[in-house]
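Fold and contact review
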Amino acid sequence: MDKKIFKVCIVIIITLIIGLGAKFIYGENEEQENKAFKQHVVFYPQHQDDETLWGASAITKAIKECGADNVYVVLISDGSGVNVFNQLPQFKGISRNEKKILRNNEFKAALNSLGVKSSNIRILADETKHQGNHFDLMEKTILDFEKEFDSVTHVAQHHKYDNHPMHRENGKVLKRLSDEGKVKDARYFVKPAYVKDIPEDKIEVYTSNTEEDKSKVKGALDAYKIKNEKKQLYGIGYISTRKYFNHLYNDPQYTSVLSIY
C-alpha cells in the first residue's frame, strides 16, 4: 500500500475512534433538543479555564440563542493558587496580584475568542479587597442578576459530581438558591467522567458543528496554551491540566455537557 494512502487511512481510523469515544461518553444526547436558555445567561466558572473546558460550546450556543449583549461570564476565584506558579522557576517570587493578572490574560483572550463581550466579563476578585473564593459575592451576584432580569439562566460548577472541592462549593451556592426558589433556571457544568452519573433526561449536550464555531472554541483552548510574552501569555492553563485540555482538543465537536439538576 502506498505510504500516503496508508497515512490517510490511519487518520480516518483515529477520527472514527475519537468520534465513537465521544458518543460512548455522551450518549445520543447531542441529537436531542436542549432546553432553551432564558433571555439572559450567566456562567460562573470557579477558575480561569473552567468556562472553556466545560462550557465552551454551551457559551457559543447561548450567544447564538440570546445575543452577545445578554451572555455574561462571572469569574469567582482569582486562580492564583494553581500549582504551575510553584513548579516553574520563571514565576518564583511574583505576587498574588501578578499571578491573577497572568491568569486573567488567558481568561479574557479565551472569552474574546468565544464571542463574549468584554463589558460582560466580571472578575469578582477585582470587586473586593477580600482574598479567597468569593462565594458570598457570588451569591449576591446571582441574586442581583435575578433582580435585574425577569428571565435568566445561571450556569455554575456541579454541586456534587466534580472532583474539585472548590467547584462543588461553587455549585452548592447556586443549588441552594435554586432549592430556595430564589433562582428559576439553574444548570451545572459536568466533566466527562461524571456524565454517566446523571440521568439522561437531566443532561444537555452542546456541540460545535460549524467551522466558525469550532474555530472559536479552538481559539479559546489555544489562549490557555500558547506562549506569547508580548501579550503576557504563558500557557498556564494548559500546563496546569493538560489531560482536560487534550481531551477537548481531541473531541471533533468540542462537546460541553450541562446538568439541569
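That block above? That's the structure.
Counting restarts for each chain: residues are numbered from 1 in the order of the written sequence. Where local features are concerned, this predicted model is filtered to residues with pLDDT of at least 70; where side-chain atom pairs are given and counted, the filter is 80 or more; whole-chain, interface and lining totals use all residues. Neither water nor hydrogens contribute to the side-chain values; these are computed over all heavy atoms in the structure.

Some thoughts on the overall build of the protein chain
Quick reminder of the rule: Only DSSP runs of H or I with at least four residues qualify as helices, and only runs of E with at least two residues qualify as strands; both kinds are numbered from the N terminus onward. Residue exposure (1.4 Å probe, protein chains only): buried if accessible area is under 20% of the type maximum, exposed if over 50%, otherwise partly exposed. When checking whether two residues touch, look at their non-hydrogen atoms; a contact exists if any pair is within 4.5 Å. Each accessible area value is a Shrake-Rupley result obtained with a 1.4 Å probe; residue values ignore everything except the protein chains displayed when judging cover.
The helix and strand inventory of the protein chain stands at 9 helices and 9 strands. With 261 residues in all, the protein chain has 48% of them scored as buried. Across the protein chain, the fraction of contacts at a sequence separation of at least 24, relative to all contacts at a separation of at least 6, is 78%. Here the protein chain has roughly 13200 Å² of accessible surface; of this, 52% comes from carbon and sulfur atoms.

Some words on the pairing of strand E6 (residues 203–206)
As a general feature of sheets, a regular strand has side chains that alternate between the two faces. Under the convention used in this document: Two strands qualify as a pair provided that DSSP identifies no fewer than 2 bridges between them.
Residues of E6 alternate between two faces, with Ile-203 and Val-205 on one and Glu-204 and Tyr-206 on the opposite face, all of them buried. Relative to strand E9 (residues 256–259), E6 runs antiparallel, the two sharing 4 bridges. Bridging across to E9, Val-205 finds its partner in Val-257.

Quick look at the packing of helix H2 (residues 50–66) against helix H9 (residues 242–249)
Condition: A fitted line through C-alpha atoms serves as each axis, taken over the contacting stretch for helices, and the angle formed by two N-to-C directions is quoted from 0 to 180°. Throughout, the term roughly parallel applies to angles under 35 degrees, roughly antiparallel to angles over 145, roughly perpendicular to angles from 65 to 115, and oblique to all others. Less than a right angle of anticlockwise turn of the near helix away from the far helix marks a crossing as left-handed, whereas a clockwise turn marks it as right-handed. Lys, Arg, Asp and Glu make up the charged group, whereas Ala, Val, Leu, Ile, Met, Phe, Trp, Tyr, Cys and Pro make up the nonpolar group; the residues left over, Gly among them, are polar.
With their axes 10 Å apart at the nearest point, H2 and H9 run at an angle of 25 degrees to one another. The orientation of H2 relative to H9 falls into the category roughly parallel. Handedness of the H2/H9 crossing: left-handed. Mapping the contact onto sequence places Thr-52, Leu-53 and Trp-54 in H2 and Tyr-244, Phe-245 and Leu-248 in H9. A class-by-class count of the residues in the contact of H2 with H9 yields 5 nonpolar, 1 polar and no charged.

Points about the pattern of salt bridges
Counted only if it meets this: Salt bridge, as applied in this entry: a Lys or Arg side-chain nitrogen positioned within 4 Å of an Asp or Glu carboxyl oxygen.
A full pass over the atoms with the stated rule returns 20 salt bridges. For Lys-175, the salt bridge identified is with Asp-179, shortest N-O distance 3.0 Å. In this pair, Lys-175 and Asp-179 are both assigned in helix H6 (residues 165–179), 4 residues apart and thus about one turn of the helix distant. You can call Lys-175 partly exposed: its relative accessible area is 23%. Residues joined by salt bridges that share partners form a network here, namely Lys-35, Asp-185, Arg-187 and Glu-204.

Overview of the sheet that holds E6
The mixed open sheet is built from 7 strands, whose spatial order is E3-E2-E1-E4-E5-E9-E6. Both outer strands of the open sheet, strand E3 (121–123) and E6, are each paired with one neighbouring strand and no more. Taking the axes of each pair of neighbouring strands and ignoring which way they run, one obtains an average angle of 25 degrees across the sheet. Sheet contacts for helix H4 (residues 96–114): strand E2 (71–75) and E3; angle to E3, the most-contacted strand, approximately 160 degrees. Where helix H5 (residues 135–148) meets the sheet, it contacts strand E1 (40–44), E2, E3 and strand E4 (152–156), and its direction lies at approximately 160 degrees from that of E4.

What to know about the layout of surface pockets
Heads up, the condition is: For cavity detection a 1 Å grid was placed over the protein atoms alone, and a set of points counts as a cavity when a 1.4 Å probe fits there but cannot get out; an open set counts as a pocket when protein lies on both sides within 12 Å along at least five of seven lines, with lining residues being those that have an atom within 4 Å of a point. Grid points are joined across faces, edges and corners, and a volume is the space filled by probe spheres set on the points.
Approximately 420 Å³ is the volume attributed to the largest pocket. His-47, Val-82, His-164, His-167 and Ser-240 are the residues nearest the centre of the largest pocket, which is lined by 23 residues in total. Put simply, the parts of the chain that give the lining of the largest pocket at least two residues each are H2 and H4. The element that contributes the greatest number of residues to the lining of the largest pocket is H2, accounting for 3 residues.

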